[in-house]
Amino acid sequence: MPQALHLVARPEGEPKDSDFELRPVEARELVDGEARIAVRYASVDPAMRIWMTEQKSYWPPIGLGEVMRAGGIGEVIESKNPKLPVGAWVGGMTGITEEFITNGKGYRVFDARALPDPTWALHVFGATGFTAYFGLKEIGEPKAGETVVVSAAAGAVGSTVVQLAKAWGCRVIGIAGGAEKCAYVKDELGADEVIDYKNEKVGKRLFETCPDGIDVYFDNVGGEILDSVLKRLKLRARIVVCGGISQYNATGEVRGPANYLSLISARARMEGFVVIDYLHRGDEAIAAMAPLVAAGQLKGKVDVMEGIANFPATLRHLLAGKNFGKQVLKL
Ligand SMILES: NC(=O)c1ccc[n+]([C@@H]2O[C@H](COP(=O)([O-])OP(=O)(O)OC[C@H]3O[C@@H](n4cnc5c(N)ncnc54)[C@H](OP(=O)(O)O)[C@@H]3O)[C@@H](O)[C@H]2O)c1
């Protein structure tokens, strides 16, 4: 019998297995206009940690007892809706569930055969790619020749930002944790310089690698790294506040940017970004990125874990930075 994973407690610090409960999916017949979807892959995202709290964000908190919220992709396995024929792939907010019933509203049908792998609909050609593309283009506004710094540069969003910024003619400095990820950012993704924040002093390395300062900072992590970047801003710099993963498991106060006064002298802008504001323009991002993918200038790496019961472990894996590539859960 298909199962769904429900949030039953608000995690304190790192999410625990006991914060979730597996329950059978309600078995019922379809009515006209509905289709049954078997979820094949769920996207595992750092923002999930925020949705589990009482904190209001761009989405309301997940209610206790509700199915864990997640983006995902799946196949239609039974249908009474001609727009969702059996065998079609759909993408949208599926939740962490093996099956669900929908009338199709809010889900898009996509051609999985046109992608290198169906998971790309969650990665470069999905919300991850749209985050990188629109966050960098619309908020970062990079110009050729400018210096762009990207944190969590080996991660899903960060790796896409690094490659887009290179393709758009920028000088790119990636920040990532550990030698293996740093080598990937430089050798595979083409960053000009890389900073290993786990083994190097970020402030000193930013001074060395950005002698003239930073034009664009794509921030995925917040915390100390953001503070180090704030000290090196160039005139009219732009900071894209995309995420703050260093703070997501914090049990006390979130650390704010102590060096924010640098924004004054640099006449700089620091602006929040949420991808859902741009989802209606997804086709534009796909059209711009597809030629880069075809030319080998934009690569995607996917980290697959398996099994609905492994969702809590997969989320811990991601939040601890153990993922190497876009984190997905195969269901
Ligand atoms: N605003 C939006 O609309 C939007 C949409 C999607 C994602 N995001 C944000 O984008 C960021 C990246 O998300 P993603 O899905 O692409 O995940 P990801 O980068 O693939 O994975 C997260 C990475 O963050 C790094 N990390 C973890 N703890 C850290 C710490 N304390 N300090 C520095 N780095 C740390 C780890 O890499 P290392 O091994 O290098 O530490 C880890 O691999 C997240 O902050 C997420 O919330 C925002």
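Preceding this paragraph is the structure being described.
The text that follows walks through the structure, step by step, so that each part is easy to find. Predicted model, so just to flag it, every value in this text is computed and none were measured.

### Digging into the side chain of Asn220
Right, on to step 1. When you line up the elements, Asn220 lands in the loop between β11 (214–219) and α6 (223–230).
Right, on to step 2. Here the side chain of Asn220 touches Ser151 through a polar contact of 2.8 Å, landing on its backbone oxygen.
Right, on to step 3. Ignoring sequence-local partners within four residues, the contact set of Asn220 consists of Val150, Ser151, Ala152, Val157, Gly158, Cys242, Gly243, Gly244 and Ile245.

### Points about the environment of Glu306
Right, on to step 1. Take Glu306: it is sitting in strand β14 (residues 302–306).
Right, on to step 2. Taking the relative accessible area as the measure of exposure, Glu306 reaches 53% and is therefore exposed.
Right, on to step 3. Between the C-alpha atoms of Glu306 and Pro257, which are 49 residues apart in sequence, the distance is 37 Å.

### Some words on the packing of aromatic side chains
Right, on to step 1. Scanning all chains against the criterion turns up eleven aromatic pairs.
Right, on to step 2. Look at Phe20 and Phe311: their rings are 5.5 Å apart centre to centre, the planes differ by 80°, and that puts the pair in the edge-to-face class. Of this pair, Phe20 sits in strand β2 (residues 20–24) while Phe311 is found in helix α9 (residues 311–319), placing the two residues 291 residues apart along the sequence. The pair Phe20 / Phe311 is uniform in exposure class, with both members buried.
Right, on to step 3. Aromatic pair Tyr133 and Trp168: ring centres 5.7 Å apart, planes at 75°, arrangement edge-to-face.

### As for unusual backbone geometry
Right, on to step 1. Positive phi, close to 65°, is recorded for Arg236, a residue that is not glycine.
Right, on to step 2. With respect to the helices, strands and loops of the structure, Arg236 is situated in strand β12 (residues 233–241).
Right, on to step 3. Not every positive phi belongs to a glycine, and Arg267 is a case in point at roughly 50°.
Right, on to step 4. Of note, Arg267 is situated in the loop between α7 (262–265) and β13 (269–272).

### A few points about the packing of helix α2 (residues 127–140) against helix α8 (residues 282–294)
Right, on to step 1. In the contact formed by α2 and α8, the axes pass within 10 Å of each other and the chain directions differ by 90°. Classified by the interaxial angle, the pair formed by α2 and α8 is roughly perpendicular. In contact with Gly129, Phe130, Tyr133, Phe134 and Lys137 of α2, α8 contributes Gly282, Glu284, Ala285, Ile286, Ala288 and Met289.
Right, on to step 2. Among the residues making up the contact of α2 with α8, the classes are represented as seven nonpolar, two polar and two charged.

### Section: the layout of surface pockets
Summary: where empty space remains is shown by rolling a probe the size of a single water molecule over the atoms.
Right, on to step 1. Approximately 160 Å³ is the volume attributed to the second largest pocket.
Right, on to step 2. For the lining of the second largest pocket, the elements supplying multiple residues, two or more each, are β1 (3–7) and β6 (99–102).
Right, on to step 3. When residues in the lining of the second largest pocket are grouped by element, the largest group, three residues, is from β6.
Right, on to step 4. Residues belonging to the lining of the second largest pocket are distributed by class as follows: six nonpolar, two polar and four charged.

### Points about α6
Right, on to step 1. A large share of α6 lies buried, amounting to seven of its eight residues.
Right, on to step 2. Buried positions along α6 lie against β9 (171–176), α5 (202–209), β11, β12, α7 and β13.

### A look at the site of the ligand
Right, on to step 1. Contacts to the ligand come from 26 residues, most closely from Lys181, Tyr197, Phe273, Val275 and Asn323.
Right, on to step 2. Within the contact set of the ligand, an oxygen atom lies 2.7 Å away from a backbone nitrogen or oxygen of Val275.
Right, on to step 3. In the environment of the ligand, an oxygen atom lies 2.5 Å from a nitrogen or oxygen atom belonging to the side chain of Asn323.
Right, on to step 4. Secondary structure elements with two or more residues in the shell around the ligand: α3 (156–167) and α9.
Right, on to step 5. A breakdown of the residues in the shell around the ligand according to their chemical character gives 16 nonpolar, nine polar and one charged.
Right, on to step 6. When residues are assigned to domains, the shell around the ligand turns out to be shared by domain 1 (3–123 + 301–330) and domain 2 (127–276), each giving three or more.

About the cut-offs
Residues numbered from 1 in each chain as written. Predicted model: local features only at pLDDT ≥ 70, side-chain atom pairs only at ≥ 80, totals over all residues. Heavy atoms only, no water. Helix = DSSP H or I, 4+ residues; strand = E, 2+ residues; numbered from the N terminus. Polar contact = N/O pair within 3.5 Å; in protein donor to acceptor, adjacent residues only side chain to side chain. Contact = heavy atoms within 4.5 Å. Buried < 20%, exposed > 50% of the residue type's maximum accessible area, 1.4 Å probe, protein only. Phe/Tyr/Trp six-rings, centres within 6.5 Å; stacked < 30°, edge-to-face > 60°. Axes fitted to C-alpha atoms, helices over the stretch in contact; angles between N-to-C directions. Parallel < 35°, antiparallel > 145°, perpendicular 65-115°, else oblique. Nonpolar A, V, L, I, M, F, W, Y, C, P; charged D, E, K, R; others polar. 1 Å grid on protein atoms, 1.4 Å probe; cavity = no way out; pocket = protein on both sides within 12 Å on 5 of 7 lines; lining within 4 Å. Points joined across faces, edges and corners; volume = space filled by probe spheres on them. Near = heavy atom within 4 Å. Domains from an automatic or database assignment.

Read these as spatial facts, not as claims about activity.
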